Number of protein chains: 2
Amino acid sequence: MSANPSSPPRLFSFVGGADGPWRVESVQAVVGESLPGVAALTVSATAQAERQPAGAGWTLRGITSHERYVERSERLALSTHQAALGRPGATCAALIPIRKNAAWWSLSQDERRDIFEAQSEHIRIGLDYLPAVARRLHHCRDLGTPEPFDFLTWFEYAPGDAAAFEELVRRLRGSPEWAYVDREVDIRLVRA
Amino acid sequence: MSANPSSPPRLFSFVGGADGPWRVESVQAVVGESLPGVAALTVSATAQAERQPAGAGWTLRGITSHERYVERSERLALSTHQAALGRPGATCAALIPIRKNAAWWSLSQDERRDIFEAQSEHIRIGLDYLPAVARRLHHCRDLGTPEPFDFLTWFEYAPGDAAAFEELVRRLRGSPEWAYVDREVDIRLVRA
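In short, a report on the structure. Predicted model only: the values in this text are computed from it and were never measured.

The rules behind each value
- Residues numbered from 1 in each chain as written.
- Chains lettered and ligands numbered in written order.
- Predicted model: local features only at pLDDT ≥ 70, side-chain atom pairs only at ≥ 80, totals over all residues.
- Heavy atoms only, no water.
- Helix = DSSP H or I, 4+ residues; strand = E, 2+ residues; numbered from the N terminus.
- Rg over C-alpha atoms; globule rule 2.2 N^0.38 Å.
- Buried < 20%, exposed > 50% of the residue type's maximum accessible area, 1.4 Å probe, protein only.
- Contact = heavy atoms within 4.5 Å.
- Areas by Shrake-Rupley, 256 points an atom, 1.4 Å probe, with all protein chains shown as cover.
- Lys, Arg positive; Asp, Glu negative; His and termini not counted.
- Charge placed at Lys NZ, Arg CZ, Asp CG, Glu CD.
- Phe/Tyr/Trp six-rings, centres within 6.5 Å; stacked < 30°, edge-to-face > 60°.
- Buried area = accessible area lost by both parts, 1.4 Å probe.
- Salt bridge = Lys/Arg side-chain N within 4 Å of Asp/Glu carboxyl O.
- Polar contact = N/O pair within 3.5 Å; in protein donor to acceptor, adjacent residues only side chain to side chain.
- Nonpolar A, V, L, I, M, F, W, Y, C, P; charged D, E, K, R; others polar.
- Least-squares fit on C-alpha atoms with pLDDT ≥ 70 in both.

Helix and strand counts for chain A stand at five helices and eight strands. Its helices and strands in sequence order give chain A the pattern β-β-β-β-α-β-α-α-α-β-β-α-β, from N to C terminus. Over its C-alpha trace chain A gives a radius of gyration of 16 Å, about what one expects of a compact globule, namely 16 Å for 192 residues. Viewed in the frame of its principal axes, chain A has a C-alpha envelope of about 45 × 45 × 40 Å. For chain A, buried positions account for 47% of its 192 residues. Contacts in chain A between residues at least 24 apart in sequence constitute 77% of all its contacts with a sequence separation of at least 6. Carbon and sulfur atoms provide 55% of the accessible area of chain A, an area that totals close to 8,600 Å². Across chain A, the 22 positively charged side chains and the 24 negatively charged ones have centroids separated by 4 Å.

Attention now goes to the packing of aromatic side chains. Residues and elements named next belong to chain A. Scanning the model with the defined rule gives 16 aromatic pairs over all chains in all. Judged by centre distance (5.9 Å) and plane angle (40°), the ring pair of Phe14 and Trp154 falls under tilted. On the criterion of sequence distance, the pair formed by Phe14 in strand 1 (residues 11–17) and Trp154 in strand 7 (residues 151–157) is long-range, its members being 140 residues apart. When its relative accessible area of 0% is taken as the criterion, Phe14 is described as buried. With a centroid separation of 6.4 Å and 70° between ring planes, the pair formed by Tyr69 and Trp104 is classed as edge-to-face.

All names here are of chain A. Position of Phe155 relative to the elements: it lies in strand 7. A relative accessible area of 8% places Phe155 in the buried class. Linking Phe155 and Arg183, residues 28 residues apart in sequence, is a C-alpha distance of 18 Å. Each residue touching Phe155, except ones within four places of it in the same chain, is listed here: Cys92, Ala93, Ala94, Ile96, Val133, Ala134, Arg135, Phe165 and Leu168.

Chain A puts 35 residues into the contact, and the matching count from chain B is 36 residues. Taken together, both faces of the contact between chain A and chain B bury some 3,100 Å²; the carbon and sulfur share is 47%. Run the count over chain A and chain B and you get six salt bridges. In this structure, Asp142 of chain A engages Arg10 of chain B in a salt bridge whose closest nitrogen and oxygen atoms are separated by 2.4 Å. Taken together, the connections running from chain A to chain B amount to 22 residue pairs in polar contact (both at pLDDT 80 or more). Those elements giving two or more residues to the side of chain A that touches chain B turn out to be strand 4 (58–63), helix 1 (72–81) and helix 3 (109–119) of chain A. No other element matches helix 3 of chain A, which puts four residues into the side of chain A that touches chain B. Residues belonging to the side of chain A that touches chain B are distributed by class as follows: 11 nonpolar, 11 polar and 13 charged.

Moving on, we come to the relation of the copies chain A and chain B. When chain A is fitted to chain B, the residual RMSD is 0.0 Å, and the transformation amounts to a turn of 180° plus an axial shift of 0.0 Å. This pairing of chains is accounted for by a two-fold axis. No C-alpha of chain A lies nearer the rotation axis than that of Leu143 of chain A, which sits 2.0 Å from it. A share of 100% of the interface residues of chain A reappears at the interface of chain B, consistent with the copies meeting face to face through the same patch.

On to the side chain of Asp142 of chain A. Among the structural elements, Asp142 of chain A can be located in the loop between strand 6 (134–139) and strand 7. On the basis of relative accessibility, which here comes to 9%, the residue Asp142 of chain A falls in the buried class. Polar side-chain contacts of Asp142 of chain A include one of 2.4 Å to the side chain of Arg10 of chain B. At a separation of 2.6 Å, a polar atom in the side chain of Asp142 of chain A contacts the side chain of Arg68 of chain B. Setting aside anything within four residues of it in sequence, one finds Asp142 of chain A in contact with Arg10, Ile63, Thr64, Ser65, Arg68, Asp142 and Leu143 of chain B.

And the structure:
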């Protein structure tokens, strides 16, 4: 009703199907059920009603939002080092949808923050891969529609940074925070 | 897709119109634009597609979610004292939709928490009115549809606690947190 039309889009859709600007290299279940294999992916800022792709495809939706755990000093460090999406050389991408379990969501804010950063160094680990890995986080849990994941994270990096990206996801998956992840799919892509 | 059918509903609609189980006593703008006056309100756990009420009515939607600021010790205090909605004697209600400004949403988590509790004592003030005032908070900002408010808070209390409720809203509106509220409507109701 009173949304500002000049605001940048916050709601994004990730449509897996036969065609799209990103070619899918692999779809792998890390924890829990996988997603159907697709040939390509389209990322778009969506209007509310999203078309379902033809065939065996799928659509995941998520919304960017304010930060839930990042503190002021951390934001300063992040904003100093992070790169934007869409760099010409960043021809590799990953879409990593994640769901966290009920135990995570029943924790209080300070308990979640403690696991997220004090125990898991989620922000500090991410800083080690800036500016090589650009990232955008999308939230799905409060969209008001039944969504299969809680978060969709989109990453872009150059082929020469692929080994660094593998290290980043390996470190995060080994952290205490990941004990609360009950579904994770890792989709790797290259620009078509 | 994988929503648990046994989970309690999280998405609620507040439909203002000609009829409904709550009779509207007043609709007042506190800050910014008001809402059209209506005769009655219906609160319901909604499916995704929400009917628009006939006539000059309106529908507000919001979703319950995990806590954003409450810490473990505070949650313990809240859960020890709070009452459930739907008490037979709690025949008074208030629906207070609020929107916060861009400055609020651009703050980091620790800055928002500092304003919310260290400066404004939002949780501590609320505790003073438990169990008299029952409350349910709904989030609108990340629904993925343009919504006119960021939060909808629903309160229920007995007629004998009406003065206490006025004091509660007065204290919150006087707090530093409220400097970030750029739209607020106060809708008072009685059970029909």
